[in-house]
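Observations on the three-dimensional arrangement
Chain residues, written in single-letter form:
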Amino acid sequence: MYMMKTATMNTRTKIVIALTLGIVLILGVSVVLYSNNTKPVQTESEVIFFDVVEGDSLGSVLSRLEEENLIKSAFFTKYKAKFIDKGEVFVGTFALDKSWTSEEILDYLSHASYGAVEAEVFLVEGSWAKDMAKEISETIAVSEERLLELWNDKAYIQTLIDKYEVLPSELLDNTDARVLLEGYLYPDTYRFYVRATEEDVTERLVSNANDKYLTYKDRMPENMSPYELMTLASIVEYEASTDEDMSLVAGVFYNRLDAGMMLQSSVTVCYALYEFDKWEECEQNPELDNPYNTYMNEGLPPGPILNPSVRAIEATLDYTESSYLFFIADVHNVVDGRVHYQTTYDEHVQDRILLLGY
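Along each chain, numbering runs from 1 in the same order as the chain's sequence is written. This being a predicted model, a pLDDT of at least 70 is required before a residue's local features are given, and a value of 80 or more before pairs of side-chain atoms are given or counted; all residues contribute to the totals for chains, interfaces and linings. Just so you know, side-chain values use all the structure's heavy atoms and leave hydrogens and water out.

Quick notes on the nonpolar core
Across soluble globular proteins, you tend to see nonpolar side chains buried next to one another. We define the nonpolar core as a collection of buried residues of types Ala, Val, Leu, Ile, Met, Phe, Trp, Tyr and Cys that are connected through side-chain atoms lying within 4.5 Å of one another. When accessible area is computed with a 1.4 Å probe and restricted to protein chains, residues below 20% of their type maximum are described as buried, those above 50% as exposed, and intermediate ones as partly exposed. Judged by nonpolar contacts, the single largest core of 72 residues is most densely connected at I136, W151, L167, V201 and L205. The next biggest cluster of nonpolar side chains, apart from the first, holds 16 residues, and it includes L62, L65, I71 and L106.

Observations regarding the state of the cysteines
By definition, disulfides here are pairs of cysteine sulfur atoms that lie within 2.5 Å. Going through the model one piece at a time under the given rule, you end up with one disulfide. The disulfide partner of C270 is C282, and the gap between their sulfur atoms is 2.1 Å. Negative torsions about the S-S bond denote left-handed disulfides, and the value of about 120° found for C270 with C282 makes this one right-handed. Pair noted here: C270 is in helix α11 (residues 266-273) and C282 is in helix α12 (residues 280-283), with a separation of 12 residues, a long-range link. A single burial state applies to C270 and to C282, both of which are buried. Only DSSP runs of H or I with at least four residues qualify as helices, and only runs of E with at least two residues qualify as strands; both kinds are numbered from the N terminus onward.

Considerations on the pattern of salt bridges
Any carboxyl oxygen of Asp or Glu that lies within 4 Å of a side-chain nitrogen of Lys or Arg is treated as forming a salt bridge with it. Applying the stated criterion to the full structure yields 16 salt bridges. Residue R191 pairs with E120 through a salt bridge whose shortest N-O separation is 3.9 Å. One end of the pair, R191, is in strand β4 (residues 189-193); the other, E120, is in strand β3 (residues 118-122), with 71 residues separating them in the sequence. Judged by relative accessible area, which is 51%, E120 ranks as exposed. Among the ionic pairs, R146 bridges to E199, the shortest N-O distance being 3.2 Å. One end of the pair, R146, is in helix α6 (residues 144-150); the other, E199, is in helix α8 (residues 198-216), with 53 residues separating them in the sequence. The class of R146 is partly exposed, set by a relative accessible area of 31%.

Topic: the environment of L356
Among the secondary structure elements, L356 is positioned in helix α14 (residues 345-356). For the pair formed by L356 and H332, sequence separation is 24 residues and the distance between their alpha carbons is 7.4 Å. Contacts are assigned to residue pairs that have any heavy atoms within 4.5 Å of one another. When sequence neighbours within four positions are dropped, the list of residues in contact with L356 reads I328, A329, V331, H332 and D351.

Observations concerning a nonpolar patch on the surface
On the surface, a cluster of nonpolar side chains totalling about 260 Å² of accessible area is made up of V334, V335 and L354. You can see V334 is positioned in the loop between β5 (326-329) and β6 (339-342). For V334, a relative accessible area of 45% gives the class partly exposed. A patch consists of residues whose relative accessible area exceeds 30% and which take part in no salt bridge; residues with like charges are grouped when within 9 Å of each other, and nonpolar side chains (Val, Leu, Ile, Met, Phe, Trp, Tyr) when within 5 Å. Each accessible area value is a Shrake-Rupley result obtained with a 1.4 Å probe; residue values ignore everything except the protein chains displayed when judging cover.

Thoughts on α8
For a helix, the expected span equals 1.5 Å multiplied by the residue count minus one. Here α8 contains 19 residues, and its C-alpha end-to-end distance of 28 Å stays within 8% of the 27 Å for a straight helix at 1.5 Å per residue. Of the surrounding secondary structure, the elements contacted by the buried residues of α8 are α5 (129-137), α6, α7 (154-161), β4, α9 (226-239) and α13 (310-317).

Some points on the layout of surface pockets
Both cavities and pockets are sets of points on a 1 Å grid over the protein atoms alone; in a cavity a 1.4 Å probe fits but cannot get out, in a pocket the set is open with protein on both sides within 12 Å along at least five of seven lines, and lining residues sit with an atom within 4 Å of a point. Grid points are joined across faces, edges and corners, and a volume is the space filled by probe spheres set on the points. In this model, the largest pocket occupies a volume close to 810 Å³. If you trace the largest pocket, you find 35 residues lining it, with E239, S266, E283, Y295 and F327 closest to the centre. Mapped by element, the contributors of at least two residues to the lining of the largest pocket are α9, α10 (243-258), α11, α12, β5 and α14. Classes in brief: Ala, Val, Leu, Ile, Met, Phe, Trp, Tyr, Cys and Pro nonpolar; Asp, Glu, Lys and Arg charged; the others, Gly included, polar. For the lining of the largest pocket, the per-class residue count stands at 22 nonpolar, seven polar and six charged. Here the second largest pocket is characterised by a volume of approximately 300 Å³. The set of elements that each furnish at least two residues to the lining of the second largest pocket consists of β2 (92-97) and β3. Tallying contributions element by element places β2 first for the lining of the second largest pocket, with four residues. In the lining of the second largest pocket, the residues fall into 11 nonpolar, four polar and three charged.

Structure, rendered in structure tokens:
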């Protein structure tokens, strides 16, 4: 009798152990499946536009996400949504990335503002083309690399030259340009369609530059080409901030050009360097061997060094006449924080020592 009871208990124990192991195994497999099926579908970034329309449920959205290979499993992602409390989706057009996890996609879809049809991009006056490309790519789903490729693509730029009067053909001859379209990507506040292509974006920027050009093209100086004017305006933009200083600085540069002097503008060295940590590096490299360095090369640099505003262009057209040949900004606010102007080199040296300490 005792032996029979012991045998029965052993059998029951084995059954319990077996069931427990089975449950543990099932749970383990489920966890692995859950984990694997909520990971990204790929490691490389690839942005896909996804529409959520009126009447869509979480289930229908997840099914389409799986069909379009944006998530691995609608089934497991639905459980993820319950677990992280992201069961609500909003109508809109969403730029989703295939390198995102299911959780990241669910989180993105749960923000109504992310599904906006348009997005606003603010491009600062005087921006470099490379910085504009970065800013735009961080706001809408275009490629920073592709934008820069287009802005250096001579065949593509020629199609723009044929269409927009602002673009001079000689910009294609600038073999030293960092970006061929530098100077003609007008800095402004834009609202781009989220599905805009790199070509769409480029045309908006150039078209805006063209609109501005039509307002001043009849006032071009006789001894300067439109390309040269844009080049000088870009230097003026970089050197000064107020309208008054822009006009005065432009006048200084005209005086130096008329006198056969080098421009000796440190901001052109900034463009020659292109990568630097502090602006002082531009001041400290006057002997840099680069066509854009106006300490080493006479006249204007090969092309614009940034994308100037109409304010800088207008200041370059309607500059302030003076006898000044030099200027220096009180960047450290030693005296008054203003730009100081000088007629002679001795005056310039005295102000430089006072304001910059050397």
